[in-house]
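Summary of structural features
Given next are the chains, with one letter for each unit.
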Amino acid sequence: MLGRRTVAGQVFVLQVVVVLVLVAAAVVALVLQARYDSTQEARNRSLAVAETFAEAPGTLAALRTRDPTAVLQPRAEAAREATGVDFIVVMAPDGTRYTHPLPDRIGKKFVGTIEPALAGEPVTEEIEGTIGRLVQAVVPIQEPDGTVVGLVSAGITTEHVGGAADRQLPLVLTAAGVGLAVATAGTALVSRRLLRQTRGLGPREMTRMYEHHDAVLHAVREGVLILDGDGALLLANDEARRLLDLPDDAEGRHVRELGLDPATAELLASGRVATDEVRLVKDRLLAINQRPTDLTGGPAGSVATLRDSTELRALSGRAEVARERLDMLYAAGVGIGTSLDVTRTAQELTELAVPRFADFVTVDLFDAVLAGEQPEAGLELRRTAFGGIRDDAPLYPVGRHIHFVPSSPQARSLRSGQAILEPRLNDAPGWQAQDLERTAQVLEYGIHSLITAPLRAGSLILGLANFWRSRQPEPFDAEDLELAEELVARAAVSIDNARRYTREHTMAVTLQRSLLPRSLPEQNALEVAYRYLPAQAGVGGDWFDVLPLSGARVALVVGDVVGHGLHAAATMGRLRTAVHNFTALDLAPDELLTLLDEMVARIDQHEAEEGGSAPVTGATCLYAIYDPVARRCAIARAGHPPPALVLPDGRVEFPEVPAGPPLGLGGLPFETADLELAEGSRLVLYTDGLVEDRARDIDVGLGLLREALEQAGASPEDTCRAVVDARLPTRPSDDIALIVARTRALGADRVAAWDVPADPAAVAAVRSSVTRRLAEWGLDELAFTTELILSELVTNAIRYGGAPIRVRMLRDRALICEVFDGSSTAPHLRYAGMTDEGGRGLFLVAQLAERWGTRYLPTGKVIWAEQPLP
């Protein structure tokens, strides 16, 4: 405490020095006054005693007690006796005595002049008192700040001056010592308390701490309020005064008296804990945080901080709007154009914008866009999509053709290529002129604002997107117009992509449909039903065909070109045409696939030479020939799924047909499987789209196909229906071609055959047998031409062919004549000259028959000719 570096130590030393100085001054004054005349000495003594007692360390403290008389009366009497004065009176500022030598006069008014002393100046006066003429002095008792809190008056009669002063000198010294001790003890107590409250800080540290505290308190951007336990304001910094608009005399007043709104005042007065509670104070939104100050043993009260969140709320509101718009644009990027369908893409725009941006959205497109074509300028569009918060809006319905009048915002947007904003439809006569009755209904419904924006893809205008607002009271503004343009721009790209895809898809479908068989040829060997199901997206290269062959036989072919689009469809057409051409050669299945393989390899080679980017390697094919006379079927496949066979009793088998490589790979031979089929068997040919899927293996697909075939009806049509219903995916990713052929047999009563010896004389016997059989079949009118045809063919076989020679005649949809021989030499049709003796036989056959040709066998050949039945 005695350290001079602390405030308490400095105060202690200063007070002790002051007391010492005062005591010494009083003693010196007493001694000197004794040497003057009695009056002057009395004046000085009374003044010195009064001042000494007034400035004594305990006097000021005694005045602060509840009963100053109890403390000061003994001290005053002791001082009176010690100083030799006749009285020492301590009084209140109003002159009421606290002390007096005569106790009965305590509490009564002092007689004398006290006004100068109340002003802080001592006063000395001579009066005639009850004890004689005396000199009395009145001095003030002041607080350190100069406030007068009491008065001290000392008086002495002139007759007691002089020697009395000398006699009382020891007593005065003793009293001074006692006063010094008392003052020192009081100073020590005050300094000890000051030491505890200042925490041992020195004046410099306390000054610096106060300056920092004051600077921080008033510099922070948050308002700070400190209140006592009763809700009175103890401190408010500059920011708090600004935010709350506090009066200058706010400190010391209760918060309910500061003119705050009741809710805010109640919160501050309650002292309860509050965290970021927002209150509207005048025109500001204030976030208030409040904590009690007595949680850790501090004084009762609370401290509150105020933060102006008005601008923050406005900024956060704008940021939220911007975030919502960015989110909407992002959603447009991923949510519009999920399919390559024009109508669906337009509908996705309406689903995105309602209700986040508009209450109703309509999309109007040119008919050419819906068809995949390039639109031309005009004012007539078709309503393609509609979306809204309700379904009963009186806007044009979907599918309606709309011709916009020139004054309408839609027509102006189409002409200018710019978005048009009509914030208030009530004040838009150009829009109202479109349809007076309907626009009146729209206004009555509550639709009040419109943005119409053209769907532009480069230089093309595909249509319009219209955004309508009804439930939201605010009209569209310039920022909404910009957002609408962004949304429409993104949607226009997707719609144009869908338009282009529609055009290409339509072209590919048209090409594909033109290449696929439009009807099945008439034949009696098989009862055929088929299904062709295109993929959901894109055009594939799946194809099939049914081709009548010579000898009442029928060829079935199913193929698949890997990939989708125009290239796949065009390649499919080339392969189908090639199969038609190769079928005319009456080749075996494995030989036909070999020729196809070579052709596809050449196509790949040409693509590579020309820098093509879409090779067709990977095409597959299955080729089958069914003979109704022998009831046998020859099958070969090139990388294609195996056929299924449904026996007459309903059992399902997958015959072992060797799997050759896909067409175009080359290097491996193809093999033919020869199957004997009972009449009424169903041969099922299909493409991989029916049994393969990304989610399952082909073995699983074949098992499911078996189940569907086991439950199918007996007819090919029923079988197709059952398989498609059971196996068709919801959204097929690949084309599906399916053929179901139920076998028929050409009965023995419709077949006639004769072995012919290698003798020209045997030709007559053959003609006779043929004539009889034709008579049995009721075909007598064909006897003459048939005899001529067979005579020529048999004669050629005898002359130029080899044994064995055999003749077979079939009665099917046509009359078929066949001549077998063991030679592989093919006859050639030539035109004989006028002088030639021979060379007209085959020419006559060609003239008499509807069709004729040569079919090679492993052991020879067959020359056949067909005649239509009458």
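Residues numbered from 1 in each chain as written. Predicted model: local features only at pLDDT ≥ 70, side-chain atom pairs only at ≥ 80, totals over all residues. Heavy atoms only, no water.

Time to look at the overall build of the protein. Tallying secondary structure elements over the protein gives 24 helices and 31 strands in all. The buried share among the 870 residues of the protein stands at 46%. Pairs at least 24 residues apart make up 61% of the contacts formed inside the protein by residues separated by at least 6 positions. Counting every atom, the protein has about 42100 Å² of accessible surface; 53% of that belongs to carbon and sulfur. (Helix = DSSP H or I, 4+ residues; strand = E, 2+ residues; numbered from the N terminus. Buried < 20%, exposed > 50% of the residue type's maximum accessible area, 1.4 Å probe, protein only. Contact = heavy atoms within 4.5 Å. Areas by Shrake-Rupley, 256 points an atom, 1.4 Å probe, with all protein chains shown as cover.)

Below, the discussion takes up the packing of aromatic side chains. Using the criterion set out here, one finds six aromatic pairs in the structure. Grouping aromatic residues by their ring pairs yields a cluster made of Phe 357, Phe 467 and Phe 476. (Phe/Tyr/Trp six-rings, centres within 6.5 Å; stacked < 30°, edge-to-face > 60°.)

Turning our attention to helix 4 (residues 68-83). In this model helix 4 runs 21 Å from its N-terminal to its C-terminal C-alpha over 16 residues, within 8% of the 22 Å that 1.5 Å per residue would give. Listed as buried for helix 4 are Pro 68, Leu 72, Gln 73, Ala 76, Glu 77, Ala 79, Arg 80, Ala 82 and Thr 83. One or two positions beyond helix 4, positive phi appears at Gly 84, with a value near 80 degrees. (Expected span 1.5 Å × (residues − 1).)

This paragraph deals with the pattern of salt bridges. Summed over all chains, the structure comprises 36 salt bridges. Across the pair Arg 742 and Glu 527 runs a salt bridge, and its minimum N-O distance is 2.4 Å. Residue Arg 742 is located in strand 26 (residues 736-743), and its partner Glu 527 is located in strand 16 (residues 526-533); the two are separated by 215 residues in the primary sequence. On the basis of relative accessibility, which here comes to 27%, the residue Glu 527 falls in the partly exposed class. (Salt bridge = Lys/Arg side-chain N within 4 Å of Asp/Glu carboxyl O.)

Attention shifts here to unusual backbone geometry. Cis geometry marks the peptide bond from Val 354 to Pro 355, where omega comes out at -5 degrees. Residue placement: Pro 355 occurs in the loop between helix 12 (342-353) and strand 10 (360-365). Residues Ala 803 and Pro 804 are joined by a peptide bond in cis, for which omega reads -5 degrees. In this fold, Pro 804 is placed in the loop between helix 23 (783-800) and strand 28 (805-811). At Arg 631, a position not held by glycine, the phi torsion is positive, near 55 degrees. Its place among the elements puts Arg 631 in the loop between strand 19 (620-627) and strand 20 (632-638). Assessed through its relative accessible area of 30%, Arg 631 is described here as partly exposed.

This part covers the sheet that holds strand 21 (residues 644-646). Read from one edge to the other, the open sheet built from five strands follows the order 16-26-25-21-22, with strand pairing classed as antiparallel. Strands with a single pairing partner mark the edges of an open sheet, and in this sheet they are strand 16 and strand 22 (652-653). (Pairing = 2+ DSSP bridges.)

A few words now on the sheet that holds strand 29 (residues 814-821). The five strands lie next to each other as 27-28-29-31-30, forming an open sheet whose pairing is antiparallel. Where the open sheet ends on each side, the last strands, each with one partner, are strand 27 (751-756) and strand 30 (851-857). Neighbour-to-neighbour, the strand axes of this sheet turn through a mean angle of 15 degrees, independent of strand direction. Both strand 30 and strand 31 (residues 860-868) contribute to a ladder of seven bridges, which runs antiparallel. Looking at the pairing, Tyr 856 lines up with Lys 861 of strand 31. Lying on the sheet, helix 22 (residues 762-777) is in contact with strand 27, strand 28 and strand 29; it crosses strand 27 at an angle near 170 degrees. Set on the sheet, helix 23 makes contact with strand 27, strand 28, strand 29 and strand 31; between it and strand 29 the angle comes to about 15 degrees. (Axes fitted to C-alpha atoms, helices over the stretch in contact; angles between N-to-C directions.)

Before going further, it helps to spend a moment on the packing of helix 22 against helix 23. Running from N to C, helix 22 and helix 23 point in directions that differ by 145 degrees, and their axes come no closer than 10 Å. Considering how the two elements wind past one another, helix 22 and helix 23 form a crossing that is right-handed. On helix 23, the residues touching Val 763, Arg 767, Val 770, Thr 771 and Leu 774 of helix 22 are Ala 783, Thr 786, Glu 787, Leu 790, Ser 791, Val 794, Thr 795 and Ile 798. When its residues are assigned to classes, the contact of helix 22 with helix 23 shows seven nonpolar, four polar and two charged. (Left-handed = near helix turned anticlockwise from the far one by under 90°. Nonpolar A, V, L, I, M, F, W, Y, C, P; charged D, E, K, R; others polar.)

To continue, consider the environment of Ala 722. Relative to the assigned elements, Ala 722 resides in helix 21 (residues 716-727). The class of Ala 722 is partly exposed, set by a relative accessible area of 22%. Spatially, the C-alpha atom of Ala 722 lies 9.7 Å from that of Glu 710, the residues being 12 residues apart in sequence. The contacts of Ala 722, once residues within four sequence positions are left out, are Ala 708 and Ala 712.

For the protein, mean pLDDT is 83; residues scoring 70 or higher make up 86% of the total. Scored below 50 in pLDDT, residues 832-838 shows six contacts in the model against residues more than four places distant or in partner chains. (pLDDT = per-residue confidence, 0-100.)

Right, let's get into the environment of Tyr 445. With respect to the helices, strands and loops of the structure, Tyr 445 is situated in helix 16 (residues 436-445). For Tyr 445, a relative accessible area of 24% corresponds to the partly exposed category. Residues Tyr 445 and Asp 392, spaced 53 residues apart in sequence, show a C-alpha to C-alpha distance of 9.3 Å. Excluding residues that lie within four positions of it along the chain, Tyr 445 makes contacts with Phe 360, Arg 390, Asp 392, Ala 393 and Pro 394. A polar contact is formed between the side chain of Tyr 445 and the side chain of Asp 392, at a distance of 2.6 Å. (Polar contact = N/O pair within 3.5 Å; in protein donor to acceptor, adjacent residues only side chain to side chain.)

This part covers helix 20 (residues 698-710). Taking 1.5 Å of rise per residue, the 13 residues of helix 20 would be expected to cover 18 Å, and the 18 Å separating its terminal C-alpha atoms lies within 8% of that figure. Within helix 20, burial applies to Gly 701, Leu 702, Leu 705, Ala 708 and Leu 709. Around the axis of helix 20, the buried residues are gathered within 120 degrees of arc, so they sit on the same side. (Arc of directions from axis to C-beta.)

Let's shift gears to a nonpolar patch on the surface. A surface patch of nonpolar side chains, amounting to about 450 Å² of accessible area, comprises Phe 784, Leu 788, Phe 843, Leu 844 and Leu 848. Only helix 23 and helix 24 (841-848) provide two or more residues apiece to the nonpolar patch. Tracing the backbone shows Leu 848 in helix 24. (Patch = residues over 30% accessible without salt bridge, like charges linked within 9 Å, V, L, I, M, F, W, Y side chains within 5 Å.)

Look at any regular strand and the pattern is simple: side chains alternate between the two faces of the sheet. Most of strand 10 sits out of view: six of its six residues are buried. Taking every second residue as pointing to the same face, both faces of strand 10 are buried, with Phe 360, Thr 362 and Asp 364 on one and Val 361, Val 363 and Leu 365 on the other. Note that strand 10 and strand 11 (residues 380-388) share six bridges and pair antiparallel. Across the sheet, the residue bridging to Phe 360 is Gly 388, located in strand 11. Where strand 10 and strand 15 (residues 460-469) come together, six bridges link them in antiparallel fashion. Bridge pairing in strand 15 places Val 361 opposite Phe 467.

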